[in-house]
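Notes for the structure review
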Amino acid sequence: MTPALETLLVCPKCLGALARREDAFVCLWGRCGFRGVIADGIITMVPTTEAEMTARSVFDDQFPVMMHSSDAPGSHMAFYAQQAAEFWRCLRWSGARTVLDIGCGPKLRYDLPPEAVLIGIDLSYESLRHNLDLDVRLFGSATILPLPAESVDAVVCSYALHHMVGQTVDENHKLLRRTLSECVRVLRPGGILVVFEVTPWWPVWALQRLAWTVLRGRRTEFLGVFFWRRRELEIAARWYMPVGTRFTYRAIRVSPFLVFPFAFTLPRLRLPRLLYPFEIAVYSWRMP
């Protein structure tokens, strides 16, 4: 990292300034005691508690599938082709120079302007280790972004919000709000937040709301996803977006007979779009 990029980082515990100390970044405030180790070109931006290490291993177990989840023609057409074009238009229109990718995964699935700097943050260490498209690789959480206020021009969150789950539906709501709050905090005036997500049809949403907490409590690893309806995302974002924010929503339209995997963790279970009970969508919020 260049010294200019190093100044983009702050302590994830207290948001204080960081200083480079050979193989680590150390909080200058001293009281919180944070030390972010640098290894494999990745900066660790979370304390290595047992819970966080468990979260990391869950994502890393899926790494081989994540690496190739967008390669199949059906998956690319449904989840990435139109979305990448939409994000490219947003970046070119806004002239973004510093981009933050939340849940960046093992490789880039969209194009960037050649002058743009890309910061990736993920809780999958293996994904970060293999993602050579990033200028800055951060092993950390979207709920505590290690970046100063108003420091990035664009934030993209590609199918990551539904992976941010706790043990209850209420905890899921809190994680969603904390993530959106952090996205707004780090965006500069005129910046843009772009979210790619799958939105459950109403019957799926109603069933999820009723049964998720019970099923999650019976088996911690089960139901490691929680899908959000458009209304819930809009309401959660409205709490933190400044007055004058422009919101847009675009449903991705593909052939009802296009076949793709139902979930990236089950690549052999394929369904036509007609039977896939989710809306595939792009959300964007442009700051005033």
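Data block above holds the structure.
Conventions adopted
- Residues numbered from 1 in each chain as written.
- Predicted model: local features only at pLDDT ≥ 70, side-chain atom pairs only at ≥ 80, totals over all residues.
- Heavy atoms only, no water.
- Pairing = 2+ DSSP bridges.
- Helix = DSSP H or I, 4+ residues; strand = E, 2+ residues; numbered from the N terminus.
- Axes fitted to C-alpha atoms, helices over the stretch in contact; angles between N-to-C directions.
- Contact = heavy atoms within 4.5 Å.
- Core = buried A, V, L, I, M, F, W, Y, C linked by side-chain atoms within 4.5 Å.
- Buried < 20%, exposed > 50% of the residue type's maximum accessible area, 1.4 Å probe, protein only.
- Phe/Tyr/Trp six-rings, centres within 6.5 Å; stacked < 30°, edge-to-face > 60°.

1. Re the sheet that holds strand S13 (residues 278-286)
- On the basis of which strands lie adjacent, the open sheet formed by 11 strands has the order S1-S2-S3-S4-S7-S6-S5-S8-S9-S13-S10 and mixed pairing. In the strand order of this sheet, the two ends are held by strand S1 (18-21) and strand S10 (246-251), each with one partner. Across the sheet, the axes of successive neighbouring strands diverge by a mean angle of 20°, strand direction being ignored.
- Of the strand pairs in this sheet, S1 and strand S2 (residues 24-27) are connected by 4 bridges, and their pairing is antiparallel. Note that in S2 the partner of Leu18 across the bridge is Cys27.
- This element, helix H8 (residues 230-238), spans strand S9 (187-200), S10 and S13 of the sheet and lies at about 20° to S13.

2. A short note on the nonpolar core
- Leu100, Ile102, Val155 and Leu193 are the most contacted members of the largest nonpolar core, which has 47 residues in total.
- Among the elements that line this core, the one with the most residues is helix H6 (residues 169-186), at 6 residues.
- Discounting chain neighbours no more than four positions away, the residues touching Leu193 are Val155, Leu180, Cys183, Leu187, Met241, Tyr283, Ser284 and Trp285.
- Core analysis: the next-biggest nonpolar cluster, separate from the first, contains 36 residues, Tyr80, Tyr110, Phe278 and Val282 among them.

3. What about the packing of aromatic side chains?
- With the rule as written, the count across this model stands at 21 aromatic pairs.
- With centroids separated by 6.4 Å and ring planes inclined at 35°, the aromatic side chains of Phe247 and Tyr283 adopt a geometry described as tilted. Of this pair, Phe247 sits in strand S10 while Tyr283 is found in strand S13, placing the two residues 36 residues apart along the sequence.
- For Tyr283, a relative accessible area of 0% translates into the label buried.
- With a centroid separation of 5.1 Å and 45° between ring planes, the pair formed by Tyr276 and Phe278 is classed as tilted. Phe278 carries the same exposure label as Tyr276, and that label is buried.
- Counting every residue linked through ring pairs, the aromatic cluster contains Phe79, Tyr80, Phe87, Tyr110, Tyr159, Phe196, Phe227, Phe260, Phe262, Tyr276 and Phe278.

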